[in-house]
Each structure stands twice: as C-alpha cells, then as structure tokens.
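Survey of secondary and tertiary structure
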Amino acid sequence: QVQLVESGGGLVQPGGSLRLSCAASGRTFSTNAMGWFRQAPGKAREFVAAITWSGGSTYYADSVKGRFTISRDNAKNTEYLQMISLKPDDTAVYYCASQVRARCTVTAAGCYEYWGQGTQVTVSS
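Residues numbered from 1 in each chain as written. Predicted model: local features only at pLDDT ≥ 70, side-chain atom pairs only at ≥ 80, totals over all residues. Heavy atoms only, no water.

Looking at the pattern of salt bridges
Inclusion rule: When a carboxyl oxygen of Asp or Glu is within 4 Å of a side-chain nitrogen of Lys or Arg, the pair counts as a salt bridge. A simple rule labels every residue: compare its accessible area, found with a 1.4 Å probe on the protein chains alone, to the largest value its type can have, and call it buried under 20%, exposed over 50%, or partly exposed in between. Numbered from the N terminus, helices here are DSSP runs of H or I no shorter than four residues, and strands are runs of E no shorter than two.
In total, this model carries five salt bridges according to the counting rule given. Of the charged contacts, one joins Lys 65 and Asp 62 as a salt bridge, the two residues approaching to 3.2 Å between their closest N and O atoms. With respect to burial, Lys 65 and Asp 62 carry one shared label: exposed. The residue Glu 113 makes a salt bridge to Arg 101 at a minimum N-O spacing of 3.2 Å. Note that Glu 113 is positioned in strand β10 (residues 112–115) and Arg 101 in the loop between β9 (92–100) and β10, a separation of 12 residues in sequence. Overall, Glu 113 belongs to the partly exposed group, its relative accessible area being 38%. A relative accessible area of 36% places Arg 101 in the partly exposed class. Taken together, the shared-partner salt bridges in this structure form one network comprising Arg 38, Glu 46, Arg 67 and Asp 90.

Let's talk about the packing of aromatic side chains
Here is the rule we go by: Here a Phe, Tyr or Trp ring, Trp counted by its six-membered ring, pairs with any other such ring whose centre lies within 6.5 Å, and the pair is stacked when the planes are under 30 degrees apart, edge-to-face when over 60, and tilted otherwise. Throughout this description, the term charge over a ring refers to an Arg CZ or Lys NZ atom that lies within 6 Å of the ring centre and within 35 degrees of the ring normal.
Taken as a whole and judged by the stated rule, the model has five aromatic pairs. Ring centres 5.7 Å apart and planes at 70 degrees place the aromatic pair Phe 37 and Phe 47 in the edge-to-face group. Placement of Phe 37 in strand β4 (residues 33–39) and of Phe 47 in strand β5 (residues 46–52) is noted, with a sequence separation of 10 residues between them. Across the pair, exposure class does not vary: Phe 37 and Phe 47 are buried alike. Aromatic ring contacts, followed pair by pair, group Phe 37, Phe 47, Tyr 95, Tyr 112 and Trp 115 into a single cluster. One Lys or Arg, Arg 45, reaches over the ring of Tyr 95 and ends 3.8 Å from the middle of that ring.

With respect to the layout of surface pockets
Just so we agree on the cut-off: Detection works on a 1 Å grid of protein atoms alone, calling trapped sets that fit a 1.4 Å probe cavities and calling open sets with protein on both sides within 12 Å along at least five of seven lines pockets, with lining residues defined by an atom within 4 Å of a point. Grid points are joined across faces, edges and corners, and a volume is the space filled by probe spheres set on the points.
Computed from the structure, the largest pocket encloses a volume of approximately 190 Å³. Arg 38, Lys 43, Glu 46, Asp 89 and Asp 90 are, among the 13 residues lining the largest pocket, the residues nearest its centre.

Brief notes about unusual backbone geometry
If you check the backbone angles, Ser 85 has positive phi at about 50 degrees while not being a glycine. Topologically, Ser 85 is positioned in the loop between β8 (78–83) and β9. Phi angles above zero are rare outside glycine, and Gln 99 is one such case at about 65 degrees. By the element assignment, Gln 99 lies in strand β9.

Remarks on the state of the cysteines
The condition is simple: By disulfide we mean two sulfur atoms from cysteines, separated by a distance within 2.5 Å.
Evaluation of the coordinates by the stated rule reveals two disulfides. Residue Cys 22 pairs covalently with Cys 96 via a disulfide, S to S 1.9 Å. Its torsion about the S-S bond being -70 degrees, the disulfide of Cys 22 and Cys 96 is classed as left-handed. In this pair, Cys 22 sits in strand β3 (residues 18–26) while Cys 96 sits in strand β9, placing the two residues 74 residues apart along the sequence. The side chain of Cys 104 participates in a disulfide bridge whose partner is Cys 111; the two sulfur atoms lie 1.7 Å from each other. Here the S-S torsion is close to -70 degrees, and the disulfide linking Cys 104 with Cys 111 is therefore left-handed. Judged by its relative accessible area of 35%, Cys 104 falls in the partly exposed class.

Below, the structure written as structure tokens:
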C-alpha cells in the first residue's frame, strides 16, 4: 500500500501562484509515475499533469501548459505542482495519484492505484 498526503492548497487571487506537494509513504519503491488531477463542483475529475518516476518525463493538460510545472524529489518520495498565473477556472479540489497500472496511460484517472485525500485550490478576488 501507498499513502499519499497533499498540502499547499488555499485561496489565491487571479494571477497568483501556489505550490502543491504530495508526500508518498509505504511501498513507494515500486512507484512508476505520479500525477495530479482536479475536480471542480459538478464536473468530472480531470487530468492536470503527470511525471514518470525514473526518467522524469512530464505530461500536461492543454489547459495548464505553460502555467503549471510538475516535478519530483525521488529521495523524499514527493511530487510537486507549481502553479502560476492562476485563473478562476483552476478552482477545484486537486488530487495526487500514484502507480499507473500496466498497459495504461498516465493521463487517465482510472489507471492509478493510489490517491490522496485532495486539497482545495480556490482562485478568486
């Protein structure tokens, strides 16, 4: 089992920045990738970004390219999501996920084994 704990959410004005963190514990030695998803009220959970654990390849949703940056610290078993130029449309609960199933894609929520509890990000003036 893997436990994921997100932190760093909060209220920020449009144009502002936030950095989310996700700390993994437990059977982290088998982690192949980690990702971020978000879910706004009344909407489906959507892919935001993902990173492979060995090579560090990154993937982004078109809506966040150029504004969000995903990174990881292998020694700390932690991934980060740096968000800049935030917009009201970015308001959502952000979830951390890890361990993509075999023959699956890093952009699909259903492909991940483990999930964090989520952290609220609110972009509002």
